[in-house]
Amino acid sequence: IGENGSKADLDWVRTVALDRNERTSVRERAVRVLGEGSDSRSLRELYEKLDDPSLRERVIRTLADIGDAESRRWLQQIVERSTESTSLRERAIRSLAEQGDDAYLRSVYPKLDDEGLRERVIRSLAESGGSETTAWLKGIVRDPKESSGLRERAVRSLAESGVPTADLVAMYDSVTDRDVRDRLVNILAERGDRAALDKLRSIATGDTDEDL
């Protein structure tokens, strides 16, 4: 029905998706069938009428798969919609990252009103990789206006992406936040290469913070 169904067929599928008395699994299947027709406008309209968060998430996933310009703009609106649930905004962030919309996610990051969403942007962009994202993450680590938790998450993401140990050493020297420095000490210990061990010896013998 999704690809070749008549208007009447598709209207019937929509009624199934909206039927609160129907099983969630069946309603979700109806959403997926509608997505097979690549009718992004119809799905966007359906989203606003759905009462179940899992079905809304399925619409987000389906529109991300369709991937047309209107769908991407709509996903961006979901990310920025403060009245939407955090879990659905996170799903939209992940979908946009999977679609390669990195520039948008970097630009929307400072506008987000929830630290959990900011962390999701950091993690999603780190998974995408790239030199621009690496530079952006380093900027977060060095930004004293960012929370310790987000700066620490950026450090972990950089380490997981395989940045050189020399970069981690330079970050340690450029930040004063204790939580960030503590995280860097742990990461350097995990690295265990010569540059990491040299820095750890330097910290052990010369850092004014005895705990570090």
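Residues numbered from 1 in each chain as written. Predicted model: local features only at pLDDT ≥ 70, side-chain atom pairs only at ≥ 80, totals over all residues. Heavy atoms only, no water.

As for the side chain of D101
Here is step 1 of the chain: Its location among the elements puts D101 in the loop between α6 (86–98) and α7 (102–108).
Here is step 2 of the chain: Nearest to the buried, unbridged D101 among oppositely charged side chains is R72, at 4.0 Å.
Here is step 3 of the chain: Not counting residues within four places of it along the chain, the set of residues in contact with D101 comprises R72, Q76 and L96. (Helix = DSSP H or I, 4+ residues; strand = E, 2+ residues; numbered from the N terminus. Buried < 20%, exposed > 50% of the residue type's maximum accessible area, 1.4 Å probe, protein only. Lys, Arg positive; Asp, Glu negative; His and termini not counted. Salt bridge = Lys/Arg side-chain N within 4 Å of Asp/Glu carboxyl O. Contact = heavy atoms within 4.5 Å.)

With respect to the pattern of salt bridges
Here is step 1 of the chain: Applying the stated criterion across every chain yields a total of 24 salt bridges.
Here is step 2 of the chain: Salt-bridge contacts for R81 lead to E48; the nearest nitrogen and oxygen are separated by 3.1 Å. Taken together, the residues R81 in the loop between α5 (69–80) and α6 and E48 in helix α3 (residues 40–49) connect sequence positions 33 residues apart.
Here is step 3 of the chain: A residue is classified by how much of its surface remains accessible, and E48, at 41% relative accessible area, is partly exposed.
Here is step 4 of the chain: Salt-bridge contacts for R178 lead to D211; the nearest nitrogen and oxygen are separated by 3.9 Å. Residue R178 is located in helix α12 (residues 178–191), and its partner D211 is located in the segment after α13 (194–206); the two are separated by 33 residues in the primary sequence.
Here is step 5 of the chain: R178 gets classed as partly exposed once you look at its relative accessible area, which sits at 35%.
Here is step 6 of the chain: Overall, D211 belongs to the exposed group, its relative accessible area being 68%.
Here is step 7 of the chain: Linked by salt bridges that have partners in common, E48, R56, R81 and E84 make up one network.

With respect to the environment of V59
Here is step 1 of the chain: Mapped onto the fold, V59 is located in helix α4 (residues 53–66).
Here is step 2 of the chain: For V59, a relative accessible area of 0% translates into the label buried.
Here is step 3 of the chain: Each C-alpha atom of the pair V59 and L197 lies 49 Å from the other, and the pair is 138 residues apart in sequence.
Here is step 4 of the chain: Ignoring any residue separated from it by four or fewer positions in sequence, one finds V59 in contact with V31, L43, Y47, L50 and W74.

So, the environment of V16
Here is step 1 of the chain: Summarising the element assignment, V16 is placed in helix α1 (residues 7–18).
Here is step 2 of the chain: Beyond its immediate chain neighbours, meaning those up to four positions away, V16 contacts E22, V26, R27 and A30.

A word on the environment of L212
Here is step 1 of the chain: Note that L212 resides in the segment after α13.
Here is step 2 of the chain: Between the C-alpha atom of L212 and that of R23, which follows or precedes it by 189 residues, the distance is 55 Å.
Here is step 3 of the chain: Sequence-distant contacts of L212, that is, excluding residues within four places in its chain, are made with Y172, R178, R181, D182, V185, I203 and D207.

Considering the side chain of D207
Here is step 1 of the chain: Relative to the helices and strands, D207 is located in the segment after α13.
Here is step 2 of the chain: Within the local environment of D207, its side chain forms a polar contact with the side chain of Y172, the two groups lying 2.5 Å apart.
Here is step 3 of the chain: Setting aside anything within four residues of it in sequence, one finds D207 in contact with Y172, R181, S202 and L212. (Polar contact = N/O pair within 3.5 Å; in protein donor to acceptor, adjacent residues only side chain to side chain.)

Side note on α12
Here is step 1 of the chain: For α12, built from 14 residues, the straight-helix expectation of 20 Å at 1.5 Å per residue is met to within 8% by its first-to-last C-alpha distance of 20 Å.
Here is step 2 of the chain: Of the positions making up α12, those classed as buried are V180, R181, L184, V185, I187 and L188.
Here is step 3 of the chain: Buried positions along α12 lie against α9 (131–142), α10 (148–160), α11 (165–174) and α13.
Here is step 4 of the chain: Put simply, D177 is the residue that caps the front of α12, since its side-chain oxygen is 2.9 Å from the backbone nitrogen of D179.
Here is step 5 of the chain: One or two residues past the end of α12 sits G192, with phi positive at roughly 65 degrees. (Expected span 1.5 Å × (residues − 1).)

Some remarks on α4
Here is step 1 of the chain: The end-to-end C-alpha separation of α4 is 20 Å, in line with the 20 Å expected for 14 residues at 1.5 Å each.
Here is step 2 of the chain: Within the span of α4, buried status applies to L55, R56, R58, V59, I60, T62, L63 and A64.
Here is step 3 of the chain: In this structure, the buried residues of α4 make contact with α1, α2 (24–36), α3, α5 and α6.
Here is step 4 of the chain: At the C-terminal side of α4, G67 shows a positive phi close to 70 degrees.

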